[in-house]
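Coordinates in review
Each chain, letter by letter, is given below.
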Amino acid sequence: MVIVDGQCGIASDTIKVDYHICDIGFPSAFTPNGDGLNDVIGVVGTLKYYHDYSLSIYNRWGERVYYSEDIYAGWDGIYKGDKQDLGTYFYMIFYTFEGKKHMLKGDFELIR
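Residues numbered from 1 in each chain as written. Predicted model: local features only at pLDDT ≥ 70, side-chain atom pairs only at ≥ 80, totals over all residues. Heavy atoms only, no water.

Following the criterion strictly, the structure yields 10 aromatic pairs and no others. Centroid distance Y50 to Y95: 5.3 Å. Interplanar angle 85°. Geometry classified as edge-to-face. Residue Y50 is located in strand β4 (residues 50-58), and its partner Y95 is located in strand β8 (residues 87-97); the two are separated by 45 residues in the primary sequence. Here Y50 falls in the buried class, since its relative accessible area comes to 5%. Of the residues examined, Y95 reaches a relative accessible area of 8% and is grouped as buried. Clustering of aromatic rings is evident, with ring pairs tying together F26, F30, W75, Y89, Y91 and F108. (Phe/Tyr/Trp six-rings, centres within 6.5 Å; stacked < 30°, edge-to-face > 60°. Helix = DSSP H or I, 4+ residues; strand = E, 2+ residues; numbered from the N terminus. Buried < 20%, exposed > 50% of the residue type's maximum accessible area, 1.4 Å probe, protein only.)

Quick look at the structure:
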């Protein structure tokens, strides 16, 4: 509550501020080269607040090369036992946050 006392009298007002944790994101690149750094790509953020999650990753021809419903899992750049080519890949993430369904989509680079 704020109270202001001035020449014209006293006025007050109240404002309610709601804080929501909404920090889900996806990296723009990864390097699955086995060095232990950035070898897997997946969603990042305060993940315990998100539910009904799924991640699909597609190659440039629209073929799905990865799918998971485990929010803590990620793609290692391998599809059908083969290391995938460097280049641009696309992701679609579906999740529920505070009872509302959301979709996040975009692209990222696989760098070798």
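Mapped onto the secondary structure, S56 falls in strand β4. Under the relative-accessibility criterion, S56 is labelled buried at 7%. A distance of 3.3 Å separates polar atoms of two side chains, one belonging to S56 and the other to R64. Dropping the residues within four chain positions of it, S56 is found in contact with R64, Y66, Y67, F90, Y91 and M92. (Polar contact = N/O pair within 3.5 Å; in protein donor to acceptor, adjacent residues only side chain to side chain. Contact = heavy atoms within 4.5 Å.)

These figures come from the coordinates and say nothing about function on their own.
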